[in-house]
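Descriptive structure summary
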Amino acid sequence: MAKINFGGVEEEVVTREEFSLDKAREVLKNETIAVLGYGVQGPGQALNLKDNGFNVIVGQRKNSKTWDKAIADGWVPGEDLFELEEACERGTIIQFLLSDAGQIKLWPTVKKHLTPGKALYFSHGFGVTYNERTGIIPPDDVDVILIAPKGSGTSLRRMFLEGRGLNSSYAIYKDATGKAKERVVALGIGVGSGYLFPTTFKKEVYSDLTGERGTLMGAIQGIFAAQYEVLRENGHTPSEAFNETVEELTQSLMPLVAENGMDWMYANCSTTAQRGALDWWKKFKDATKPVFSDLYKEVAAGEEAQKSIDSNSKEDYRAKLEEELTELRESEMWRAGKAVRELRPERAK
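Position numbers for residues count from 1 along each chain, tracking the sequence in the order it is written. With the structure being a predicted model, the display of local features is reserved for residues of pLDDT at least 70 and the display and counting of side-chain atom pairs for 80 or more, all residues being used for whole-chain, interface and lining totals. Where side-chain values are given, they derive from all heavy atoms of the structure, hydrogens and water being excluded.

Named according to an unreviewed UniProt entry, the chain is Ketol-acid reductoisomerase originating from Fulvivirga sedimenti. UniProt positions are given in the numbering used here, feature names are shortened, and annotations may be inferred rather than shown by experiment. UniProt annotates the chain under Sequence similarities (unreviewed entry) with the comment "Belongs to the ketol-acid reductoisomerase family." Its UniProt record gives the chain the following Cofactor (unreviewed entry) comment, quoted word for word: "Mg(2+)".

**Some words on the packing of aromatic side chains**
Two rings from Phe, Tyr or Trp (for Trp, the six-membered ring) form a pair when their centres sit within 6.5 Å of each other. Planes less than 30 degrees apart are called stacked, planes more than 60 degrees apart edge-to-face, and all others tilted. Under the criterion given, the structure shown has 11 aromatic pairs. Relative to Tyr296, the ring of Tyr206 lies with its centre 5.8 Å away and its plane at 90°, an arrangement referred to as edge-to-face. Taken together, the residues Tyr206 in helix H10 (residues 201-213) and Tyr296 in helix H14 (residues 271-300) connect sequence positions 90 residues apart. Of the residues examined, Tyr296 reaches a relative accessible area of 41% and is grouped as partly exposed. For the ring pair Phe242 and Trp334, a centre distance of 5.6 Å and an interplane angle of 75° mean the geometry is edge-to-face. Pair noted here: Phe242 is in helix H12 (residues 238-260) and Trp334 is in helix H17 (residues 332-342), with a separation of 92 residues, a long-range link. Numbered from the N terminus, helices here are DSSP runs of H or I no shorter than four residues, and strands are runs of E no shorter than two. We call a residue buried when its accessible area falls under 20% of the maximum for its residue type, exposed when it is over 50%, and partly exposed in between, using a 1.4 Å probe and counting protein chains only.

**What about the UniProt feature "binding site: Mg(2+) 1" (unreviewed entry) in the chain?**
Taking the numbering used here, the UniProt-annotated feature "binding site: Mg(2+) 1" (unreviewed entry) corresponds to Asp208 and Glu212. Structurally, Asp208 is set in helix H10. Along the polypeptide, Glu212 turns up in helix H10. For Glu212, a relative accessible area of 29% translates into the label partly exposed. Contacts between residues were defined by any pair of non-hydrogen atoms, one from each residue, lying within 4.5 Å. With residues up to four places along the chain from it excluded, the contact list for Glu212 reads Met217 and Gly218.

**Examining the pairing of strand S9 (residues 166-174)**
The criterion for strand pairing is that DSSP finds at least two bridges linking the strands in question. Sheet topology places strand S8 (residues 143-149) next to S9; six bridges connect them, and they run antiparallel. Bridge pairing links Ile147 to Tyr170 in S9. By the bridge criterion, four bridges tie S9 to strand S10 (residues 193-198) in an arrangement that is parallel. Bridged to Ser169 within S10 is Phe197. When the strands point away from the viewer, a crossover counts as right-handed if the path from the first strand over the helix to the second runs clockwise. Each parallel crossover has a hand, and for S9 linked through helix H9 (residues 180-190) to S10 it is right-handed.

**A closer look at the pairing of S10**
Two strands pair when backbone bridges link them, and strand S2 (residues 9-15) and S10 are joined in this way by two bridges, in the antiparallel orientation. Across the sheet, Val14 pairs through a bridge with Leu196, a residue of S10.

**Things to note about the side chain of Glu204**
Structurally, Glu204 is set in helix H10. Polar contacts, as used here, are pairs of N or O atoms within 3.5 Å; protein pairs need one atom able to donate a hydrogen and one able to accept it. Residues neighboring in sequence count only if both atoms are side-chain atoms. Polar contacts involving the side chain of Glu204 include one to the main-chain amide nitrogen of Gly125, which spans 2.7 Å. Leaving out residues up to four positions away in the same chain, Glu204 has contacts with Ser123, His124, Gly125, Leu146, Ala148, Lys150, Ser169 and Thr199.

**Side note on the packing of helix H2 (residues 42-51) against helix H8 (residues 153-161)**
A fitted line through C-alpha atoms serves as each axis, taken over the contacting stretch for helices, and the angle formed by two N-to-C directions is quoted from 0 to 180°. It is at 8 Å that the axes of H2 and H8 come closest, and there the two elements cross at 25°. Accordingly, the angle class assigned to the pair H2 and H8 is roughly parallel. Contacts between H2 and H8 involve Gly44, Gln45, Leu47, Asn48 and Asp51 on the former and, on the latter, Gly153, Leu156, Arg157 and Phe160. Note on residue categories: nonpolar means Ala, Val, Leu, Ile, Met, Phe, Trp, Tyr, Cys or Pro, charged means Asp, Glu, Lys or Arg, and polar means any other residue, Gly included. Across the contact of H2 with H8, the residue classes break down as three nonpolar, four polar and two charged. In this scheme, roughly parallel covers angles under 35 degrees and roughly antiparallel covers those over 145, while 65 to 115 is roughly perpendicular and the rest are oblique.

**Remarks on the packing of H12 against H17**
If you want to describe how two helices pack, look at the angle between their axes and the distance between the axes. Between H12 and H17, the least distance of the axes is 9 Å, while the angle of their chain directions is 85°. Relative to H17, the element H12 is oriented roughly perpendicular. Counted together, Pro238, Phe242, Asn243, Val246 and Glu247 of H12 and Glu332, Met333, Trp334, Ala336, Gly337 and Val340 of H17 form the full contact between these two elements. Per-class residue counts for the contact of H12 with H17 are seven nonpolar, two polar and two charged.

Right under this line is the structure:
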């Protein structure tokens, strides 16, 4: 493991230079990796592993949209695409990549096939961390490991095809075989990680739920909506309000932050923008930090997990989800966004 200084704090990480793809293949040469679920993370991880030369099969419900998607992606029924229970039986490493609600439902089937020496792999610490709510308690004679890419499965696949890697965390909950560390790192390299950093199942789910509800999705949408509404209330057009709120951030400024950091982006903006940003960022921090503190407390207490379990288990969940997504999609801000995207030069070519 390489020791890297992150903001003055030294951490140990695993890079592809020290743990090569060839080494990963050697570690897993006798394993059959069964990827259960072909929804969010499943396609990216399964395809990356396959393209990297690992023995991978996919388990999915037959005659479903995701079964058809797997076939469209090149998986062949009876060869490397099977129904869920058969994939569980065939796999020596079971990548449990169904939704959190789907994992609860399928757990009795998966548990039945966790024979001694197998590995149970997660990309989210939810099911194990909140096991008093999910009922997911792995047996003691299997490795229980985690690779959590820091992004969507779509991003993982896209970056892989571009020759880049998406950073991932890794964790070991149970090391029954003495091989859990090698197994999990090899899998992390195999799915296309940039570098791997250690965590625990609990820390992964706490940070993940906070991030999703916070700056990654919930908070950013709230901030977008607030600024857009203030601009519109003061007479700005939808185009101007959207460009100043979303388009400039996502298309111009955030790529600069990703490449060189916030300080570099500040230094390469106008002096007026610099002054305003430096004067106002701490006000926004002071205003929002109490909200983030409340959010983290609810995550740690299991309240957010329970809300997710309760809502996802309802029969009308999909219908209500579509209603909420429609509300977002049909808001003036995102209708303006659709029009702006259609006018981008690459769309006009």
